[in-house]
Amino acid sequence: MTHLPLLSILIWLPVLAAMPLYLMHKRMADNEARWFALIVALVCFGLSIFMYANFDTTTAKMQLVEYLPWVPSLGLHYYLGVDGISMPLVALSAFTTLIIVLASWTMVSHKVPQYLATFLVMQGTVIGVFTSLDGMLFYFFWEAMLIPMYLSIGVWGMANRTYAAIKFFLYTFFGSVLMLAVLLYLHSKTGTFNILDFYTIDFSLSEQIWIFFGFFLAFAVKIPMWPFHTWLPDAHTEAPTGGSVILAALMLKLGGYGFLRFSLPIVPDACHYLSWFMIILSLLAIVYIAFVALSQTDMKKLIAYSSIAHMGFVTLGCFLINVIIIHTGNVSDAHLSLEGAMVQMISHAFGSGAMFLGFGAVYVQMKTRNIHDFGGIAKTMPIFSAFFMLFAMSNVGLPGTSGFVGEFMVILSSFKASFWATFLAASSLVVGAAYTLWMVKRVFFGPVTNAGVEALQDIRGADVISFVLLAAMVLVLGFYPQLLLKVFQPTISHLLDLSLQSRLL
Amino acid sequence: MTHTLMNFVPATPEIILLVIICATLLVAAFVRANSQACYVIAQAGLVLTALSVVHTFIYADSGMSAMAFRGMFVLDHLAVVLKVLTLVVVFFTLLFSRAYNNDRDMPRNEYYLLALLSTLGMMILTSAHNLLTIYMGLELFSLPTFAMVAIQRQSFRGVEAGLKYCIVSAVGSGLLLYGFSFLFGVSGSLDLNVIAHRIVMGHVTVDPLLSMALVFVVAGIAFKLGVVPFQMWVPDVYDGAPTSTTLFIAAAPKLAAFAMLVRLLIGAMPSLHANWQVLLIILAILSMAVGNFSAIMQTNIKRLLAYSSIAHMGYMLLGLIAGTPSGYSASLFYVMSYAIMTVAGFGVLLLMNRQGCEVTELDDLSGLGSRSPWLAFVMLLVVFSMAGVPPLLGFIAKVQLLEALIHSNYVWLVVLTLLFSVVGMYYYLRIVQRMYFQDAKSDLPAISYRLDAGVGITINGLVVLLVGIFPNALYTLALHAFVM
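Calculation notes
- Residues numbered from 1 in each chain as written.
- Chains lettered and ligands numbered in written order.
- Predicted model: local features only at pLDDT ≥ 70, side-chain atom pairs only at ≥ 80, totals over all residues.
- Helix = DSSP H or I, 4+ residues; strand = E, 2+ residues; numbered from the N terminus.
- Rg over C-alpha atoms; globule rule 2.2 N^0.38 Å.
- Contact = placed C-beta atoms within 7 Å.
- Buried ≥ 20, exposed ≤ 12 C-beta atoms within 10 Å, placed from the backbone.
- Expected span 1.5 Å × (residues − 1).
- Bend = angle between axes of the 7 residues up to and from the residue.
- Pairing = 2+ DSSP bridges.
- Axes fitted to C-alpha atoms, helices over the stretch in contact; angles between N-to-C directions.
- Parallel < 35°, antiparallel > 145°, perpendicular 65-115°, else oblique.
- Left-handed = near helix turned anticlockwise from the far one by under 90°.
- Nonpolar A, V, L, I, M, F, W, Y, C, P; charged D, E, K, R; others polar.
- pLDDT = per-residue confidence, 0-100.

### Regarding the overall build of chain B
Okay, step 1: Per the secondary structure count, chain B includes 19 helices and two strands.
Okay, step 2: Computed over C-alpha atoms, the radius of gyration of chain B comes to 21 Å, within 12% of the 23 Å expected from 2.2 N^0.38 for 484 residues, which places it in the range of a compact globule.
Okay, step 3: In terms of overall dimensions, chain B has C-alpha extents of about 70 × 55 × 40 Å along its principal axes.
Okay, step 4: Restricting to contacts in chain B with at least 6 residues of sequence separation, those with at least 24 account for 80%.

If you want it as structure tokens, here you go:
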């Protein structure tokens, strides 16, 4: 079937557009670069809306498929496609890049064309990861994305950026190299790199466990799961605003997507065997990291730790399915769990991305991250505070915001699996409310504490547009999540079928 | 030509190069010391020879392997690919070295002459099919490089490096010859095919004499490649030599040494595969370990690149360990991509050098991102390619090696290699960090380079990027060398 190669355009248009931005950076004015990048981002966003609207929600088959030979002598193919899981993430990528380009009007002022070029390349490679259906192409984009992220932290970051950038790169690279070994091993077993073909092979349990750990290391570092999370607070605090937004909104989702695309369907018996191992790690992330967030005085670190805690719900949702089936035997309960994980990924992107953007709006004027240096911002930046309050409420999980939907679905399904897991996860919501509201109180409410806060100017122009867009997403997803849920229902059913099969040799 | 006569048609390119060398020698004797005539003749000669290699293979021998000089010289697919790449690599080496040599008032005409002689030696070594020819090619390519390392007579470090290189190479060649003598004793012939045949026919179990031969031959080759535990000369020589010579000995000779490795191990002793595989595994693991860990401490960029080249030679041996034709092709592809990356890497260092300003320390790279964005970008591509990050050449080269290893059931070796790659990542990142995350020191002169060198480094950098994304053409060339 012939169709517009939408996925290729979404990948390569930003990458190719980045080249003139980089090559002509000496001769380009900052605003010219910003408008150019904005047009590219809007085109990609428009295409992704078109893709979302025309997506066939009745089938779990791959759509918008493109299949070309890439390196025939090695059996590699340029094989792209989206299904219900990857399509919302592709749309999310285009949306996030739009937000970052809009934010570049106020939040970045030196080397602007190169900054925009770096983030456009990152958009292309991230969409490449979400749409790849060939294992080596997936790995290709997965690693390629590290280069622009490393450069963005190191060139535009804060004082300790060198340490954070190297830590980020080495930690993530270490996690992913074993995935390369696993992909090559799967290729030697099937003769192809086609990911969909990997779903059909049988392995012995010990083989499956090795394969699971190979993938686990890569995805656990990306998500990040406890105890592989220590790179994230450093990367977030030292990254520029755009870097933090893309890290929180997109890069963390790559890990969750990886579990859904690779671990669950390829080695279901290992996932079954290691369910409680993964559930305990997720609960550690949710509960322990929430307490760590409570103790932070650095605002960005606090938001970073809260990010890790929220991503714990994603992994919890993914790995509860086997325990649920054992306890209730009801597939629709497990379905709810996976859906909750998916929704949590998307809503966390909006919530955390918005909070980091909001922090950037304050940082660009106050140049400090310490909570004690803030206080009473609501008095000098009322519009900004209103938006930030909404995003904070979404972080807490207030019904009506997107943060509630995902967490509620996961907790509801975990109740079917185990009372104590639910107790721990739900009680962490209280801690989540505690650190978020305490942070908001110290930063926004109360009297104006110092001259720096008094001199703050409220957000205007491009920043307002970004916040309005993000607020719209948070509210729409909070009030009418069916818009998102209907897209991935058949895919999740199919994925659940694959994950509940036994594929032992 | 029939085989009753001494067939020399396949050796036409070498004959042409020899004529060019003689012409260069005569011109060098009669022109002024700072004339560019030798450079021009050398470059033209290299291009002519490369064209003649392809022409001879396709037209005179119709694309089939051909022997010359009664089987002492072979022109097969492997030889053609490596020879053309060697000539191209030397072309780019001389292109980048010209300004550097001029600035430092090195005896340039002699430099180009020695480079051409060494290239001739590399070509002979690549095509050698007889123990004697191998040794002749090896010596012809090594001896001029001793002089090139020590060519700046006033430089204490250069002379020291030259002496070290000379003595260590002599020991290496001695070991190799000793091994050859045992091989001759075992088989009664110097021809590689005959040796292989007689080893298979005459020995069911491995004769102690034969295993001595194998060990000494591998040791001799390992000296030339610069793998552990014969790697001691590499950092000192790379560091002490002038950067143009460092580029020359880092890039092109590895191609010829790879050819020697293939001819001796796969051509002459294929039935001993299980034995030399064990030797190569030890060499590979030690090289990857020592190369990667030692480079972390380095502050001198030439020593850092020297240790990284030790590690790369370790990676290259992995394909030979795999023992399958696709493994051998992967090794060939890896050594080709290594040569391309190394030329670009040292090329950037050469282009950064200006009058009196020697780029040797890592800190000399500080702020290159703002001083010369294009050179910094090329260096970025080269560094990430050496680390093995997509979408660059080094990644796909590494993937092929690992795939061949997995097919031969060496999963543990794959995991070990990947872990060493992560270690190696650290020092490559430090290079990027110096270039982009730090500001330039204020008192440095502006970087400027001639147009021809700029075009050369651009082509080189783009090859690293584009062949990394579309490796099929180059990989098919490598595949055909071993898969008939």
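### Observations concerning the overall build of chain A
Okay, step 1: Within chain A, the secondary structure is distributed over 23 helices and two strands.
Okay, step 2: Radius of gyration (C-alpha) of chain A: 22 Å, near the 23 Å computed for a compact globule of 505 residues.
Okay, step 3: Referenced to the eigenvectors of the C-alpha coordinate spread, the extents of chain A come out at roughly 70 × 55 × 40 Å.
Okay, step 4: The proportion of buried residues among the 505 residues of chain A is 62%.

### Considerations on the environment of Leu-357 of chain A
All names here are of chain A.
Okay, step 1: Take Leu-357: it is sitting in helix 16 (residues 331-366).
Okay, step 2: Linking Leu-357 and Gln-296, residues 61 residues apart in sequence, is a C-alpha distance of 19 Å.
Okay, step 3: Beyond its immediate stretch of four places on either side in the chain, Leu-357 contacts Ile-99, Ala-103, Thr-241, Val-245 and Ser-466.

### So, unusual backbone geometry
Okay, step 1: At the junction of Ile-223 of chain A and Pro-224 of chain A, the peptide bond is cis and its omega measures out at -15° in the coordinates.
Okay, step 2: Tracing the sequence through the fold places Pro-224 of chain A in the loop between helix 9 (205-222) and helix 10 (231-238).
Okay, step 3: Of note in the backbone geometry, Lys-111 of chain A takes a positive phi value of approximately 55° without being a glycine.
Okay, step 4: Of note, Lys-111 of chain A is situated in the loop between helix 3 (86-107) and helix 4 (112-131).
Okay, step 5: Residue Lys-111 of chain A is classed as partly exposed on the basis of its C-beta count, with 17 C-beta atoms lying within 10 Å.
Okay, step 6: Look at Asn-409 of chain B: it is not a glycine, yet its phi comes out positive at around 65°.
Okay, step 7: Following the sequence through the fold, Asn-409 of chain B ends up in the loop between helix 16 (393-407) and helix 17 (411-437).

### Focus on helix 3 of chain A
Okay, step 1: Between its first and last C-alpha atoms helix 3 of chain A spans 30 Å; for 22 residues at 1.5 Å apiece the expected length is 32 Å, and the two agree.
Okay, step 2: Counting buried residues along helix 3 of chain A, 20 of its 22 residues qualify, which places the element largely inside the surrounding structure.

### Some details on helix 23 (residues 482-500) of chain A
Residue and element names in this part refer to chain A.
Okay, step 1: Look at helix 23: 25 Å from first C-alpha to last across 19 residues, which is about the 27 Å you get at 1.5 Å a residue.
Okay, step 2: A bend of about 45° at Phe-488 is the largest found in helix 23, and the proline Pro-490 appears one to four places after it.
Okay, step 3: Residues Leu-484, Val-487, Phe-488, Thr-491, Ile-492, Leu-495, Leu-496 and Ser-499 constitute the buried set of helix 23.
Okay, step 4: Next to the buried residues of helix 23 lie helix 3, helix 11 (241-266), helix 12 (268-273), helix 15 (321-328), helix 16 and helix 22 (462-479).

### Digging into the pairing of strand 2 (residues 76-82) of chain A
Residues and elements named next belong to chain A.
Okay, step 1: Here strand 2 lies mainly inside the structure; six of its seven residues are buried.
Okay, step 2: Sheet topology note: the strand 1 (residues 63-71)/strand 2 ladder contains six bridges and is antiparallel. Bridge pairing in strand 2 links Tyr-67 to Tyr-79.

### Quick look at the packing of helix 11 (residues 273-296) of chain B against helix 17 of chain B
Residues and elements named next belong to chain B.
Okay, step 1: Between helix 11 and helix 17, whose axes approach to 8 Å, the crossing angle comes to 20°. Between helix 11 and helix 17, the angle is such that the two are roughly parallel. Helix-helix and strand crossings are classified by hand; for helix 11 and helix 17 the assignment is left-handed. Where helix 11 abuts helix 17, its residues Ile-285, Met-288, Ala-289, Asn-292, Phe-293, Ala-295 and Ile-296 lie against Leu-416, Thr-417, Phe-420, Val-423, Gly-424, Tyr-426 and Tyr-427.

### Thoughts on the interface of chain B and chain A
Okay, step 1: Contacts between the two partners involve 26 residues from chain B, matched on the other side by 26 residues from chain A.
Okay, step 2: Broken down by secondary-structure element, the contributors of at least two residues to the side of chain B that touches chain A are helix 16, helix 17 and helix 19 (472-482) of chain B.
Okay, step 3: The class makeup of the residues in the side of chain B that touches chain A is 19 nonpolar, six polar and one charged.

### A word on the confidence of the model for chain B
All names here are of chain B.
Okay, step 1: Residues with a pLDDT of 70 or more make up 96% of chain B, whose mean pLDDT is 89.
Okay, step 2: Per-residue pLDDT, averaged within each element of chain B, yields its smallest value for strand 1 (residues 66-68) (79) and its largest for helix 12 (residues 301-322) (94).
Okay, step 3: For this predicted complex, the interface confidence reaches an ipTM of 0.89, while the overall pTM sits at 0.92.

### Here's the deal with the environment of Leu-402 of chain B
Okay, step 1: With respect to the helices, strands and loops of the structure, Leu-402 of chain B is situated in helix 16.
Okay, step 2: Using a count of 30 C-beta atoms within 10 Å as the deciding quantity, one classes Leu-402 of chain B as buried.
Okay, step 3: Sequence separation between Leu-402 of chain B and Leu-318 of chain B is 84 residues; the distance between their C-alpha atoms is 7.9 Å.
Okay, step 4: Dropping the residues within four chain positions of it, Leu-402 of chain B is found in contact with Leu-184 of chain A together with Val-414 and Thr-417 of chain B.

### Brief notes about the packing of helix 3 (residues 77-103) of chain B against helix 4 (residues 108-126) of chain B
All names here are of chain B.
Okay, step 1: Taken N-terminus to C-terminus, the directions of helix 3 and helix 4 make an angle of 165°; their axes are 10 Å apart at the nearest point. In terms of orientation, helix 3 lies roughly antiparallel with respect to helix 4. For the pair helix 3 and helix 4, the crossing hand works out as right-handed. Taking contact as the criterion, the partners of Ala-79, Leu-82, Lys-83, Thr-86, Leu-87, Val-90, Leu-94, Asn-101 and Asn-102 in helix 3 are, on helix 4, Arg-108, Tyr-111, Tyr-112, Ala-115, Thr-119, Met-122, Met-123 and Thr-126.
Okay, step 2: Class assignment of the residues belonging to the contact of helix 3 with helix 4 gives a composition of 10 nonpolar, five polar and two charged.

### Some words on the environment of Pro-390 of chain B
Okay, step 1: Relative to the elements of secondary structure, Pro-390 of chain B occurs in the loop between helix 15 (373-387) and helix 16.
Okay, step 2: The sequence separation of Pro-390 of chain B and Val-262 of chain B amounts to 128 residues, and the corresponding C-alpha distance is 28 Å.
Okay, step 3: With sequence-adjacent residues up to four places away left out, Pro-390 of chain B is seen in contact with Phe-140, Glu-143 and Ala-144 of chain A together with Phe-395 of chain B.

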